[in-house]
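Close look at the chain arrangement
One letter stands for each residue in the lines below.
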Amino acid sequence: PKDATAGVKVLWNFVYEYWNEGNSHNVTLLSWVNPQGVDREAVQDVHFLFYDGQHAMYRMPNPNNLSGQFIAVATTPADLNGTAALTWRYRDADKRDSNWVYVPALRRVRAVSPSNRSDGFLGSDMSQDDGPFFDGKPEDFTWKFVGDAEMLRLVDPRSFGDQTTQVWLPNGGWRSVWDNTPVAGYEDPKWKGVAWAPVQAALARRPCWIIEGTPKDKYYLFGKIQLYIDKETYQGGWNRKFGWTGELLNTLQVLAYQREDLKRPDGTLENQWRSFFAYQCAENVKQNRATLGGLLPKGKDVLNDR
């Protein structure tokens, strides 16, 4: 707590914990939800490519000195099909992200400001800077250490069993094969609670660091972001966003999961995540609505390749 740089150190531990899980290809459902049900859904085809935090065998040439590249393409519904967002993130601390969007109706690629990554993605309450929990560039914020706390957070209870969802792919990497069982309340016809509530998740008491980030860009949508990060695993738990006048506007909850050592065909071990479902909920506390990410598109049983 006496270390003036403790806040940003906690954040970088989270960042590298996530990067170390590897590049990924994700097909996920984005759901706009009101308290009673779903307003709109869109399927996103997303790739994350990281240049740092990787085992030597997975590292790629990096002539542009990037830390990561990200692309998200909407495949449904028809009015969003082909809409794409691309980000290049540079390792240079003082170099802002390069961001582009493609809108099929305009047939144009447009460069956009990095500040736009804080806006609601496709009009939802989840932003590109939410990513896996927080995906803004750390150097674009001023970070401070706030304290620590024990908190109840959402976890995948099945990830603590003996089964696994991971399947080794012939060309390297792992695929998560999940069953298509209800994750959110609106997917279960018998559910009586709020539509975006999780129905498979459990609660676990976890010790967390609390850090706060203030954006250096005054055009950024939020004036302060507060992150609760697990002391042991460095997985993100709660992400709270405040307006420039201090009022709470948005919260993000992310599911925790257990990790395991998986054996490659050559007999070597690789530590990977073990998860049977994903749940990510951005709640707009002013408008009483939420956006869910990580759910399986209807009829699919594969969400993630790493």
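Structure: see above.
Residues numbered from 1 in each chain as written. Predicted model: local features only at pLDDT ≥ 70, side-chain atom pairs only at ≥ 80, totals over all residues. Heavy atoms only, no water.

A look at the packing of aromatic side chains
- Per the counting criterion, the structure on display carries 16 aromatic pairs.
- Centre to centre, the rings of phenylalanine 48 and phenylalanine 70 are 5.6 Å apart; their planes meet at 65 degrees, and the pair counts as edge-to-face. Residue phenylalanine 48 is found in strand 2 (residues 37-50), and its partner phenylalanine 70 is found in strand 3 (residues 66-76); the two are separated by 22 residues along the sequence. Like phenylalanine 70, phenylalanine 48 is buried.
- Between tryptophan 88 and tryptophan 100, the aromatic rings sit 5.8 Å apart at their centres with planes inclined by 80 degrees, giving edge-to-face as the arrangement. With tryptophan 88 in strand 4 (residues 84-90) and tryptophan 100 in strand 5 (residues 98-103), this residue pair connects regions lying 12 residues apart in the sequence. (Phe/Tyr/Trp six-rings, centres within 6.5 Å; stacked < 30°, edge-to-face > 60°. Helix = DSSP H or I, 4+ residues; strand = E, 2+ residues; numbered from the N terminus. Buried < 20%, exposed > 50% of the residue type's maximum accessible area, 1.4 Å probe, protein only.)

Some points on the pattern of salt bridges
- As enumerated under the stated definition, the model contains 22 salt bridges in all.
- Arginine 259 is the salt-bridge partner of glutamate 17, the closest N and O atoms lying 3.2 Å from each other. Placement of glutamate 17 in helix 1 (residues 6-19) and of arginine 259 in strand 14 (residues 258-263) is noted, with a sequence separation of 242 residues between them.
- Here glutamate 17 falls in the buried class, since its relative accessible area comes to 13%.
- Measuring nitrogen to oxygen at the nearest pair gives 3.5 Å for the salt bridge that ties arginine 96 to aspartate 217. Taken together, the positions of arginine 96 in the loop between strand 4 and strand 5 and aspartate 217 in the loop between strand 10 (202-215) and strand 11 (224-230) put the pair 121 residues apart, joining distant regions of the chain.
- Taken together, the shared-partner salt bridges in this structure form one network comprising Arg89, Asp97, Arg117, Asp129 and Asp135. (Salt bridge = Lys/Arg side-chain N within 4 Å of Asp/Glu carboxyl O.)

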